[in-house]
Amino acid sequence: QPDFCVTGSDEASAESLMTGATSSSSSTSNISASTANVGAKDDSSNGPIIPTNDDVIMGRGHRYLQHPGNKFLRSIVADRSKEYDKASRPEKYDLAKDIVRIVYKKRGRFLKKDADNDAWSEATWCIAREKVAHAFRKRRELDLAKAKKAKTQAKPKLKLKPKLKFAVGSTTSRSQLMHQR
């Protein structure tokens, strides 16, 4: 995934994206979320970044699913998933941006772990938006799986006829048993 996607024609700057202000800048930017997250916790100058409960951390597994910031993101996605599913592509893009803004306004960050040095770093706003869009797609996938499971469980099960058992030494023939049913 590219680590940039803020262009002048698309967004004036990452700061205006996060604050909602407008700007007349038209250059291509590769601005991290920390630049745009005015007033947020910027630990980059004070040493390593340590995730807080407001941060959305990127990764896989139980640790990431159970993180409070990730739960918060999933709750927002759940609330707005129907709106996202009905939206056009540009509207989906804007909706994902709005949710990134919500996380930043809560003083959260989107953090990713560097595989080389095992340290956390802030993701660009573009990667943050992609994370939100992926959360919407994952939500839709889970909703479809639930609906499919509910549909298959709602079908009545066929009742099978019990098998005939013969007693040893019985004088009743199989055909007589079949006609008794």
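Residues numbered from 1 in each chain as written. Predicted model: local features only at pLDDT ≥ 70, side-chain atom pairs only at ≥ 80, totals over all residues. Heavy atoms only, no water.

### Comments concerning the pattern of salt bridges
Next, step 1: Per the stated rule, a full pass over the model turns up nine salt bridges.
Next, step 2: A salt bridge links R139 to D143, with the nearest nitrogen and oxygen atoms 3.4 Å apart. With R139 and D143 both in helix α6 (residues 125-154) and four residues apart, this pair spans about one turn of that helix.
Next, step 3: For D143, a relative accessible area of 30% translates into the label partly exposed. (Salt bridge = Lys/Arg side-chain N within 4 Å of Asp/Glu carboxyl O. Helix = DSSP H or I, 4+ residues; strand = E, 2+ residues; numbered from the N terminus. Buried < 20%, exposed > 50% of the residue type's maximum accessible area, 1.4 Å probe, protein only.)

### Topic: unusual backbone geometry
Next, step 1: Positive phi outside glycine occurs at R107, with the angle close to 70°.
Next, step 2: Along the chain, the position of R107 falls in the loop between α5 (89-105) and β2 (110-113).
Next, step 3: Owing to a relative accessible area of 40%, R107 belongs among the partly exposed residues under this scheme.
Next, step 4: At D118, a residue that is not glycine, the phi angle is positive and equals roughly 60°.
Next, step 5: Relative to the helices and strands, D118 is located in the loop between β2 and β3 (120-122).

### Here's the deal with the packing of aromatic side chains
Next, step 1: Tallied over the full model, the rule gives four aromatic pairs.
Next, step 2: On the numbers, 4.0 Å between centres and 0° between planes, the contact of Y84 with F136 is stacked. Of the two residues, Y84 is situated in helix α4 (residues 68-86) and F136 in helix α6; the sequence distance between them amounts to 52 residues.
Next, step 3: Across the ring face of Y64, the terminal group of R63 is positioned such that the distance to the ring centre comes to 5.7 Å.
Next, step 4: Sitting above the plane of the F72 ring, K106 keeps its charged end 3.9 Å from the centroid. (Phe/Tyr/Trp six-rings, centres within 6.5 Å; stacked < 30°, edge-to-face > 60°. Lys NZ or Arg CZ within 6 Å of the ring centre and 35° of its normal.)

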